[in-house]
Amino acid sequence: MATTTNVGDALASARASAAKAADERLGHRGPIQRLLVRAEIGALIGVTIVWLFYWIVTKQFGTAAGAGTYLDIAANTGFVAVFVALLMIGGEFDLSAGAMTGTSGILVGLISEEIGRKGISVFIAVPIGLLVAAGIGFWNGQMVNRSKLPSFIVTLGTFYILQGGTLGFTKQINGKVFVDKFDKTSGFSILRKVFASEFSGKPFGARNALFTIMLLAAAAFIILGVLHLTYRRLAKPSAAGFPVLGGGVVLIAVGFIGLLRSTGKGSDWIFGALLGLGIVVGMVGAARTLYVGGVDVHHDGSTANAVFKRAGIGVVLIALGVFFSKLLDHHKTKRLFLITTEQGFRAILVVFGVVGGLVAIGLAARKATPVSRTLRLEMMVLAVLAITVVAFILQSESTSRKLRVELFSMLLLMAAVALGATLVEYFHPKRLVADRAADRHGTMLVVAGALLGALGVLMRMLFSGSTFRISILWWIIATAGASLLLLRTRFGSWIFSVGGNKDAARSVGVPVARVKTTLFMMVSCAGWFAGMMAAFQLNGTQANQGVGKELEYIVAAVVGGNLLTGGYGSAAGASLGALVTAFTAVGIPYAGWNSNWNFLFLGAILLLSVLVNNFIRTRAQAARR
Amino acid sequence: MNTTAPLMEAREIAKNYGNIIALSGISMTVEAGKVTCVLGDNGAGKSTLIKILAGVHQHDEGELLIEGEPVKFASPREALDRGIAAVYQDLAMVPLMSVWRNFFLGSEPRRRLGPMKLLNVPHARHTAKDELFKMGIDIRDPEQPVGTLSGGERQSVAIARAVYFGAKVLILDEPTSALGVKQSGIVLRYILEAAKRNLGVIFITHNPNHAYPVGDRFIVLSRGRSLGNFAKNEITRDEMTRLMAGGGELDELTADLERAR
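Residues numbered from 1 in each chain as written. Chains lettered and ligands numbered in written order. Predicted model: local features only at pLDDT ≥ 70, side-chain atom pairs only at ≥ 80, totals over all residues.

Looking at the overall build of chain A
Helix and strand counts for chain A come out as 23 helices and six strands. Looking at chain A as a whole, 44% of its 625 residues qualify as buried. Intrachain contacts of chain A at a sequence separation of at least 6 include 80% that bridge at least 24 residues. (Helix = DSSP H or I, 4+ residues; strand = E, 2+ residues; numbered from the N terminus. Buried ≥ 20, exposed ≤ 12 C-beta atoms within 10 Å, placed from the backbone. Contact = placed C-beta atoms within 7 Å.)

What follows is the structure, encoded as structure tokens:
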């Protein structure tokens, strides 16, 4: 065994070879790949697709009133699901979370009404409920830690105890199996403002204009951010790009103002075209100004056949989608297959054809990259054309105003952005090395753009005359807080480690038992809060309230990308999962379908999302090695 | 604190699990800048010994001294606070978690943001990358899950982590057992590097060919007892191998096999 080599030399050579390797290997992951690795990506795709589906198929889904309904339902599930997700990442389950909401409501109701006929004010009863909830969570945690039994069993026991106990005590004390007239207790109206108040804003004059400006600004930020993350920055902005960029901005402004002020339908298309052209020119100009130009050298001799095959499939799928959009008349509501009308069936085929076709063409474009630069350009242009064709066919043939105007405009804007991105890619090589400052700026721009867009949508919804409940606000706060806790605090790292390998965690000093007990207490207290929201909203509680919700929380968490075995996942994903289940719960009655199909859809979504999550994650991990 | 005393010393340590005597009468010393090898076949009690030294279990008899002071660790955290870092066979790594989170697990760097103490993520990310680079591993992206690293790389992350957090004594539990020749060589080089930085290293293994080149002192365990405590100049590699394999038993076995041919 050679020990004659000097250790210092050995390590020096190791460092040198590592440094050389750093130059050779790609050190930079593109923004798309980074997005795909996130745990929430499957849920994000799911939310978009399901929303689009119900938007096409129902009248009310796209309205603010519809939004108020499904957001409220999502909030009630999502608030607790977020913490159930945290617990799941920590490697445990809590089956008593659902029953906890009912027990809290009953407890608070009984205390404030029945015990002490003077009527103990809710100001005392509500905190007592919180203490009891925390105690039950503590009990769950201690039982799991000490008995070493699976949490599934322990919390199942708690669930039955809560359910039976609540029913029993309510019947005993109250004579009924529910608590009502909650609104007669003292202090009710004040606390109602906290837990269940509603908000309804009237539309104001500049609302639509403001909304559109916010959306366009959001889009601009996101596009710029993605460009920043993908391309190499010039040391100083190049002056050559300014005129192009300026031209683009002017075109956008003219097109936008023209569209805003137009009344008749005649000249609309000119302004729309100017807007689209402006977007393309603007993007090319921005890239010219900010990024290094040149050619991407990436040939590896693979053949073009695979590319054409995929492109061919894409074209065929799109043609099918367009064909079906014309075939089935929108007005016929005759039942076609079992649960769906002709209209529903057509919607499914159209969405499948169009989305599938676009994805296939997109894959063809990706496959074309190592073959040749021009082939890639051709594929991207094909994609842009496909989008435009789809837009125009839908516009002319469809009798639905939604498809005709809104989807049409969206598709055309997408086509413009895609064309701009194609041209930028043709003239600029992609970034290969890490550039921390550009990464930071790019990410900030994208996040700012997404937030601005969300804010714009929120503003438009809130000021549309429909009512929104405060549960939605609490849900958003809970999601933000839990995500911050998970990703940016020490405790969050501990949660990941306890779920991923608790022996490893313990051996480096992480207080495993304390972390688990804290998580159980968080879930129980979240259950209490949800119970309060329900009780103040419905002026009472049923004794069996919440029974069955525990599985919904788990479904939401799993759909959101949380691993059942723990150690990986996302709190925001659980919120998205709750949103998807809410869409289904609300969309099916709106569409006029039998609401019993709700469970069928839920099961299908659950299975599909788990498969998609796994698929994307394995793909993204493998590509990174 | 006695500065002339060895970094760590075990005197007649014994541990029982119910009726079973896992360890009995074990004595050894660890000095700064030197490597002590603990050898023995499977079942000899090596794992139990480390767990006692690292604070996972408590010894039932005997004394454990850190820099001359008798201690009895109640938890691994206590041992860590005294500068005793153990790198276990399963590496104490969480495979699904990123490299930088694993690196800083249990000792996360934080900074204040108003009333809250948040993780200092950029600092954690590039510190993990830099420390690993100093050990010769180039992690492309500190965000990648530790499970995507090779076995030797994971061992190096674990060792780099222990060294960074100021360990005085580094205990390595069979680090080369699951590795190939080249990767084992890498790990052995890190062991020497750690010793060069004035750590005391305890290297547990059942492979005398790995132990002999790097060790300064050797202790051989068999069925919970010590077969001897030797300095490098007191024993040759072959003698050590024979001792580990049970000496006379190996000769008998060889003779039997010859007869059966």
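Picking up after the structure, the text goes on.
Regarding the overall build of chain B
Scanning chain B for helices and strands turns up nine helices and twelve strands. In summary, chain B has a C-alpha radius of gyration of 20 Å against a globular reference of 18 Å for 261 residues, a match within 12%. Along the first, second and third principal axes, the C-alpha atoms of chain B reach 75 × 45 × 35 Å. A burial count over chain B gives 45% of its 261 residues as buried. (Rg over C-alpha atoms; globule rule 2.2 N^0.38 Å.)

Let's talk about the nonpolar core
Looking at soluble globular proteins, one finds that nonpolar side chains tend to be buried together. In this structure, Phe83, Val84, Ala85 and Leu86 of chain A together with Ile171 and Ile191 of chain B are the most contacted members of the largest nonpolar core, which totals 177 residues. The greatest single-element share of this core, amounting to 17 residues, is contributed by helix α4 (residues 64–89) of chain A. Residue contacts for Phe83 of chain A: discarding those within four places in its chain leaves Ala482, Met522, Val523 and Ala526 of chain A. Core analysis: the next-biggest nonpolar cluster, separate from the first, contains 56 residues, Ile279, Val280, Ala383 and Ala391 of chain A among them. (Core = buried A, V, L, I, M, F, W, Y, C linked by C-beta atoms within 7 Å.)

What about the domain arrangement of chain B?
Residue and element names in this part refer to chain B. By the assigned domains, chain B splits into domain 1 (8–94 + 153–260) and domain 2 (97–144). One C-alpha centre belongs to domain 1, the other to domain 2; they are set 29 Å apart. Each side of the interface is counted separately: domain 1 has ten residues, and domain 2 has nine residues. Top contributing element to the side of domain 1 that touches domain 2 by residue count: helix α5 (residues 151–164), with six residues. Residue classes in the side of domain 1 that touches domain 2 are distributed as seven nonpolar, one polar and two charged. (Domains from an automatic or database assignment. Nonpolar A, V, L, I, M, F, W, Y, C, P; charged D, E, K, R; others polar.)

Thoughts on the environment of Leu358 of chain A
Structurally, Leu358 of chain A is set in helix α13 (residues 342–368). Discounting chain neighbours no more than four positions away, the residues touching Leu358 of chain A are Gly314, Ala383, Ala386 and Ile387 of chain A.

Examining the pairing of strand β12 (residues 225–231) of chain B
Residue and element names in this part refer to chain B. Where strand β11 (residues 217–222) and β12 come together, six bridges link them in antiparallel fashion. Bridged to Arg217 within β12 is Ala231. Turn length for the β11-β12 hairpin, with the two strands adjacent in sequence and antiparallel, is two residues, and the turn residue Arg223 shows positive phi of about 50 degrees. (Pairing = 2+ DSSP bridges.)

Section: the sheet that holds strand β1 (residues 8–17) of chain B
Residues and elements named next belong to chain B. On the basis of which strands lie adjacent, the open sheet formed by four strands has the order β2-β1-β4-β5 and antiparallel pairing. Of all the strands in the sheet, the pair left with one neighbour each is β2 (20–30) and β5 (69–71). Strand-to-strand twist of the sheet, defined as the mean angle between neighbouring strand axes without regard to direction, takes the value 30 degrees. Examined bridge by bridge, β1 and β2 share seven bridges and lie antiparallel to one another. Note that in β2 the partner of Ile13 across the bridge is Ile26. Along the sheet face, helix α1 (residues 46–54) touches β1 and β2 and points at about 60 degrees away from the line of β2. (Axes fitted to C-alpha atoms, helices over the stretch in contact; angles between N-to-C directions.)

A word on the sheet that holds strand β10 (residues 200–205) of chain B
All names here are of chain B. In space, the six strands of this open sheet follow the order β6-β9-β10-β3-β11-β12, with mixed pairing throughout. Each of the sheet's edge strands pairs with one partner strand only, and the pair in question is β6 (84–87) and β12. Put simply, the sheet's adjacent strands are angled 15 degrees from each other on average, direction ignored. In the packing of α1 onto the sheet, contacts are made with β3 (35–39), β6, β9 (169–173), β10 and β11, and the angle to β9 comes to roughly 150 degrees.

Remarks on helix α8 (residues 188–196) of chain A
All names here are of chain A. Those residues of α8 not exposed but buried are Leu191, Arg192 and Phe195. An end-on view of α8 places all buried positions within 115 degrees of arc, on one side of the element. Opposite the buried face of α8, by more than 90 degrees, sit the exposed residues Ser189, Ile190 and Lys193. On its buried face, α8 is in contact with α6 (122–147) and α20 (512–538). (Arc of directions from axis to C-beta.)

A short note on the confidence of the model for chain A
Residues and elements named next belong to chain A. Residue-level pLDDT values for chain A average 80, and 83% of them are 70 or greater. Throughout residues 1–6 the model reports pLDDT below 50, and contacts reaching past four residues in sequence, or to other chains, amount to four contacts. Counting interchain partners and residues more than four positions distant, the pLDDT-below-50 stretch residues 18–27 has twelve contacts. (pLDDT = per-residue confidence, 0-100.)

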